[in-house]
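# Remarks on the overall topology
This is what each chain is made of:
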Amino acid sequence: MTRALIPLALAALAAAACPPPKLGDPLKGLTEAQRDQFNRGRRVFDSVFTPATGLGPLFNADACGECHEDPVSGGVGDEVELHVAAFRPEIPICDPLADKGGPVMQQRVTPALKAALGIDAEPVPAEATGRAARTSPDVFGFGLLDAVTDATILAHADPDDRNGDGISGRVNRFFDGRIGRFGRKALVPTLREFNAGAFQIEQGVTIPAIPDEGTVGGQPMPPGVDPLPEPELRQREVDLTDAFVRFLAPPAPKRMSGAAKEGSRLFGEIGCASCHIPTLRTGNHPVKALSGQKVNAYTDLLLHDMGAERADICLVLATPSEFRTEPLMGLRHTKRLLHDGAAATVEEAINLHGGESAGSRDRFKGLSASQQAAVVAFLKSL
Amino acid sequence: MNRTIRLLSLLLLGLVAPTILAAQAPDTVQGMVRRVDAPAGTFDVITGVSTALWLVPLRAGTAAYISADGSSLALADLRPGDIVRVQYRATPQGNVCDKVERVGRMDNGPGDAR
């Protein structure tokens, strides 16, 4: 009997000696070189740009860490962005208004651009048929989401609801046809592009892949407002930033109470887990720490209809009411919930679910008070 | 004298030729057709990196080869929402297409060029 307990005791000791990564720590199992990239990438992520180092002329933030900061680098932010698009039924396609500065409108300008044009933000195109508020999510565990294969995402898709469960997840695609997964409308296929694009679109810092400041609502930048030559950031810094985000460990869930364990069971029973799939597995990946890993992200990375009340803009295949299932890992660190920050509490967020998720919402409402509290306790353990 | 001129000409050609070739090297873009104006022989394609998006305005003259699944198409056969791979050259008249291949429809993804 005593002998039988020895392996258990050793396992418990090993777990105690090897606690899960803290929030903002790198993944376990990285090589020394990868950890070095992570640490150097964090410095770029936290660097504050100024007009003299490439910021603007249009921008939303002066650092990656301005929007992804709470409680540590890579966390959430309190910034709310403005996105726009136009649905053109006569074509019919969703137009992201790329030639008018869309879909992300920059809310801030450098002093030089303000002096030249007298504006405080990029003007919203008159053609926009929809506007959307977008909160800043945390980016913990995004490297693992990036390493989930397209085949895994497609395996969960059921666009025509053939199984009749009322849930019909479907993929969104980037403009070149690749399957998307990042962003609230699942537009962006890879983490590398998600990170690289943010330099130009959020900070106005040009990079080798985007050596152009773009336009001001479709009009050329006035001369003299952007003195630095393009690109303003070297590929090396872009790569380091990508390494930092890619290697950020997912938030470790809290130890579940009895109520939270019951809530986890109810979460599945009332159908939340149909879209918020608890676990995805990554495919083969050159980085060992990202290869063949389970990620408890609570998402299927697919688009679902969330109902007319939360609808805002279209984006490629996503209709105004379709959104990618938000990953719930790290939910307890999030201050504002849902894509537009409309909910301040978990209960509010559940109540604001509509469309395909209306059935689960109503089943949640039908639970007893203690059962509802158990579901909330579970979600707050993530 | 003739030999000197010949040598100088060769040297000059060696210096200039790479520049000429670089100017003629085609660009390639894969993106979604947003608009087609068949009578004007123009169309544009949306592409980008993440949400940093831009339009590539293109001109498809009579020399442009437009195809889908190996079959020849007319520019008027392209529709908004088609996914195309375009080989083009920047010229003073704009971006002139050499080849336009429809590789899919946005709702079906690449591989369905019907």
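Worth saying up front: this structure is predicted, and the values here are computed from it rather than measured. (Residues numbered from 1 in each chain as written. Chains lettered and ligands numbered in written order. Predicted model: local features only at pLDDT ≥ 70, side-chain atom pairs only at ≥ 80, totals over all residues. Heavy atoms only, no water.)

Let us now look at helix 9 (residues 258-269) of chain A. Given 3.6 residues per helical turn, the α-helix brings residues three or four places apart onto the same face. Residues and elements named next belong to chain A. The terminal C-alpha atoms of helix 9 lie 17 Å apart, and with 12 residues this matches the ideal 16 Å at 1.5 Å per residue to within 8%. Regarding helix 9, the residues found buried are A260, G263, L266 and F267. Each buried residue of helix 9 sits inside an arc of 115 degrees when the element is viewed along its axis, so together they form one side. Along helix 9, exposed side chains directed more than 90 degrees from the buried face belong to G258, K261 and E269. On the buried face of helix 9, the contacting elements are helix 12 (369-379). (Helix = DSSP H or I, 4+ residues; strand = E, 2+ residues; numbered from the N terminus. Expected span 1.5 Å × (residues − 1). Buried < 20%, exposed > 50% of the residue type's maximum accessible area, 1.4 Å probe, protein only. Arc of directions from axis to C-beta. Contact = heavy atoms within 4.5 Å.)

Moving on: the packing of aromatic side chains. Residue and element names in this part refer to chain A. One pass over the structure, following the stated rule, counts 10 aromatic pairs over all chains. A ring pair is formed by F49 and F199, whose centres lie 6.4 Å apart and whose planes are at 85 degrees; its orientation type is edge-to-face. Taken as a pair, F49 in the loop between helix 2 (32-46) and strand 1 (58-59) and F199 in helix 7 (residues 191-203) lie far apart in primary sequence, 150 residues in all. Taking relative accessible area as the criterion, F49 reaches 8% and is therefore assigned buried. Cluster of aromatic residues (ring-pair linked, three or more members): F38, F45 and F244. Between K185 and the ring centre of F323, over which it is positioned, the NZ or CZ distance is 3.9 Å. (Phe/Tyr/Trp six-rings, centres within 6.5 Å; stacked < 30°, edge-to-face > 60°. Lys NZ or Arg CZ within 6 Å of the ring centre and 35° of its normal.)

The next thing to look at is the nonpolar core. In this structure, A:L27, A:F175, A:F199 and A:F247 are the most contacted members of the largest nonpolar core, which totals 64 residues. Breaking this core down by element, the ones donating at least two residues are helix 2, helix 5 (142-146), helix 7 and helix 8 (235-247) of chain A together with strand 2 (42-49) and strand 3 (52-59) of chain B. Ranked by residues supplied to this core, first place goes to helix 8 of chain A with 6 residues. Here A:F175 is in contact with A:P96, A:L187, A:V316, B:G31, B:M32, B:I46, B:L53, B:I83 and B:M106, once residues within four sequence places are set aside. Counting 22 residues, the second-largest nonpolar core is a separate cluster that includes A:L331, A:L337, A:V375 and A:F378. (Core = buried A, V, L, I, M, F, W, Y, C linked by side-chain atoms within 4.5 Å.)

This paragraph deals with the packing of helix 9 of chain A against helix 12 of chain A. Residue and element names in this part refer to chain A. Two elements in contact, helix 9 and helix 12, have axes separated by 7 Å at closest approach and are oriented at 95 degrees. Taken together, helix 9 and helix 12 sit at an angle that is classed as roughly perpendicular. Contacts between helix 9 and helix 12 involve A259, A260, E262, G263, S264, L266 and F267 from the former and Q371, A374, V375, A377, F378 and L379 from the latter. In terms of residue class, the contact of helix 9 with helix 12 is made up of 9 nonpolar, 3 polar and 1 charged. (Axes fitted to C-alpha atoms, helices over the stretch in contact; angles between N-to-C directions. Parallel < 35°, antiparallel > 145°, perpendicular 65-115°, else oblique. Nonpolar A, V, L, I, M, F, W, Y, C, P; charged D, E, K, R; others polar.)

On to the side chain of A:D158. Residues and elements named next belong to chain A. Of note, D158 is situated in the loop between helix 6 (150-156) and helix 7. R162 is the oppositely charged side chain nearest to the buried, salt-bridge-free D158, at an N-O distance of 5.9 Å. In this view, D158 contacts N163, D165, I167, S168 and G169; residues no more than four positions away in its chain are not counted. (Lys, Arg positive; Asp, Glu negative; His and termini not counted. Salt bridge = Lys/Arg side-chain N within 4 Å of Asp/Glu carboxyl O.)

Right, let's talk about the state of the cysteines for a bit. All names here are of chain A. Tallying each qualifying case throughout the model produces 1 disulfide over all chains. Residue C94 pairs covalently with C314 via a disulfide, S to S 2.2 Å. Judged by the sign of its S-S torsion, about 85 degrees, the bond between C94 and C314 is right-handed. Remark: C314 occurs in the loop between strand 9 (303-305) and strand 10 (322-324) and C94 occurs in strand 3 (residues 93-95); sequence separation between them is 220 residues. Free of any disulfide, C67 has its nearest cysteine sulfur in C64, 8.9 Å distant. Lacking any disulfide linkage, C272 is separated from the closest cysteine sulfur, that of C275, by 8.9 Å. (Disulfide = S-S within 2.5 Å.)

Before going further, it helps to spend a moment on the interface of chain A and chain B. Interfaces are frequently sized by the accessible area removed from exposure as the parts join. Each partner contributes residues to the interface: chain A has 26 residues there, and chain B has 22 residues. Note on chain A versus chain B: buried area summed over both sides is about 2000 Å², and carbon and sulfur give 72% of it. When residues of chain A are sorted by the area they lose upon contact with chain B, A:I93, A:F175 and A:D176 head the list and together hold 26% of the total. Between chain A and chain B we count 2 salt bridges in total. Among the salt bridges present, the one from B:R34 reaches A:D95, with a minimum N-O distance of 3.2 Å. Linking chain A with chain B are 4 residue pairs in polar contact (both at pLDDT 80 or more), by the criterion used here. Elements with a contribution of two residues or more to the side of chain A that touches chain B: strand 3 and helix 7 of chain A. Of all the elements, helix 7 of chain A adds the most residues to the side of chain A that touches chain B, at 6 residues. (Buried area = accessible area lost by both parts, 1.4 Å probe. Polar contact = N/O pair within 3.5 Å; in protein donor to acceptor, adjacent residues only side chain to side chain.)

Function cannot be read off these values alone, since they describe shape.
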